Amino acid sequence: MKTARSEGLVLCHDCQLVVKMPQQHSGACPRCGSRLHQRIPNSLSRTWALVISAWVLLLPANLYPIMTVIYFGEGQPDTIISGVIRLVEEGMIPIAIVVFVASIAVPILKLLGIMLLLFTVHFKWELSKTECTVLYRIIEVIGAWSMLDLFMISILATLVDLGSVAQITAGPGATAFATVVVLTMLAANSFDPRLIWDLQEEKND
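Fair warning: this is a prediction, and the values are worked out from it, not measured in the lab. (Residues numbered from 1 in each chain as written. Predicted model: local features only at pLDDT ≥ 70, side-chain atom pairs only at ≥ 80, totals over all residues. Heavy atoms only, no water.)

## Overview of a nonpolar patch on the surface
Together, Val88, Ile93, Ile97, Phe100 and Val101 make up a nonpolar patch on the protein surface, roughly 420 Å² of accessible area in all. It is helix α3 (residues 93-123) that provides the largest number of residues to the nonpolar patch, a total of four residues. The topology assignment puts Ile93 in helix α3. The class for Ile93 is partly exposed, based on a relative accessible area of 44%. (Patch = residues over 30% accessible without salt bridge, like charges linked within 9 Å, V, L, I, M, F, W, Y side chains within 5 Å. Areas by Shrake-Rupley, 256 points an atom, 1.4 Å probe, with all protein chains shown as cover. Salt bridge = Lys/Arg side-chain N within 4 Å of Asp/Glu carboxyl O. Helix = DSSP H or I, 4+ residues; strand = E, 2+ residues; numbered from the N terminus. Buried < 20%, exposed > 50% of the residue type's maximum accessible area, 1.4 Å probe, protein only.)

## Some details on the nonpolar core
Counting residues in each nonpolar core, the largest one holds 28 residues, and the members touching the most others are Val51, Ile114, Leu117, Phe177, Phe191 and Ile196. Going through the elements one at a time, α1 (43-63), α3, α4 (129-143), α6 (172-190) and α7 (194-204) are the ones with two or more residues in this core. Take this core: its biggest share by element is eight residues, from α6. In terms of nonpolar packing, the next biggest core, distinct from the first, is built from seven residues, Cys12, Met21, Cys29 and Leu36 among them. (Core = buried A, V, L, I, M, F, W, Y, C linked by side-chain atoms within 4.5 Å.)

## Things to note about helix α2 (residues 80-89)
Looking at α2, one finds that the buried residues are Ile80, Gly83, Val84 and Leu87. Buried residues along α2 cover an arc of 100 degrees about the axis, so they all sit on one side. Once α2 finishes, Gly91 follows within two positions and takes phi at roughly 80 degrees, a positive value. (Arc of directions from axis to C-beta.)

## Quick word on the pattern of salt bridges
As enumerated under the stated definition, the model contains three salt bridges in all. Between Arg39 and Asp198 there is a salt bridge, with its nearest N and O atoms 2.7 Å apart. Placement of Arg39 in the loop between β2 (18-20) and α1 and of Asp198 in helix α7 is noted, with a sequence separation of 159 residues between them. The same class applies to Arg39 as to Asp198, namely buried. Residue Arg86 pairs with Asp78 through a salt bridge whose shortest N-O separation is 3.0 Å. Judged by its relative accessible area of 30%, Arg86 is partly exposed.

## Side note on α4
Here α4 spans 21 Å end to end across 15 residues, near enough to the 21 Å set by a 1.5 Å rise per residue. Every buried residue belonging to α4 is among Lys129, Cys132, Thr133, Tyr136, Ile139 and Gly143, and all of these are buried. When α4 is viewed along its axis, its buried side chains cluster within an angular range of 120 degrees and face the same direction. The exposed set on the far side of α4, more than 90 degrees from its buried face, consists of Glu131, Arg137 and Val141. (Expected span 1.5 Å × (residues − 1).)

## A few points about the UniProt feature "transmembrane region" (unreviewed entry) in the protein
Per the UniProt record, "transmembrane region" (unreviewed entry) is found at residues 48-72, 92-122, 134-159 and 165-188. Across residues 92-122 one finds 97% helix and 0% strand; the C-alpha atoms that close the span lie 44 Å apart. (UniProt positions renumbered as here; feature names shortened; annotations may be inferred.)

## Topic: the packing of aromatic side chains
This structure, assessed with the given rule, holds five aromatic pairs. Seen in terms of ring centroids, Phe119 and Phe123 are 5.8 Å apart; in terms of plane orientation they differ by 20 degrees. Their pairing is stacked. In this pair, Phe119 and Phe123 are both assigned in helix α3, four residues apart and thus about one turn of the helix distant. On the basis of relative accessible area, Phe119 is assigned to the partly exposed category, the value being 27%. Here the aromatic rings of Phe119 and Trp125 are separated by 5.8 Å at their centres, their planes lie at 20 degrees, and the arrangement is stacked. Trp125 sits in the partly exposed class, given a relative accessible area of 36%. Taken together, the ring pairs connect Trp48, Phe119, Phe123 and Trp125 into an aromatic cluster. (Phe/Tyr/Trp six-rings, centres within 6.5 Å; stacked < 30°, edge-to-face > 60°.)

## Section: the packing of α4 against α6
The N-to-C vectors of α4 and α6 enclose an angle of 145 degrees; their axes lie 10 Å apart at closest approach. The element α4 and its partner α6 pack so that their crossing is left-handed. Seen from α4, the contacting residues are Tyr136, Ile139, Glu140 and Gly143; seen from α6, they are Met185, Ala188 and Asn189. (Axes fitted to C-alpha atoms, helices over the stretch in contact; angles between N-to-C directions. Left-handed = near helix turned anticlockwise from the far one by under 90°. Contact = heavy atoms within 4.5 Å.)

Next up, the structure:
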């Protein structure tokens, strides 16, 4: 099977122009002048660094309060887990499910998914390349929705400021959680999915 790399073609990552790779394997795009690379430079090491950082920050994101709700002078800081439990106890199960999925399940599954792709490339695992590509696309798509919780908290903290009646403030856990979300998005962007298909090319050779 012919590939762009086997044909000596390279895609400019800035203007998306497909050009012939220079003989010295380095050069600039004739249209925008950007440096040409057949693959994203240091893709694996950069993605690993971002994934490990996200795992580390996932701890304070879940251990520190993410939000404090004061209603008529009463209230206490809540972590993500305690917030989910509180929602369940108050009968708001659908909202609790949404918060659990968006704040706990999705970040962890994203990190595990990226790690699976990294291990597949690193150890040349015999997994379906098509399924790996589908997994990468899913990770990319859900990445934007990971900010849903933070968006809700920022809106509530801005709008709900009724003095002694009700107040909502974001906690340090929200900062850590936001960093985790950003790191997972950067990790997904820094991973070059073409590395998956390079395994197939090497196998055919």
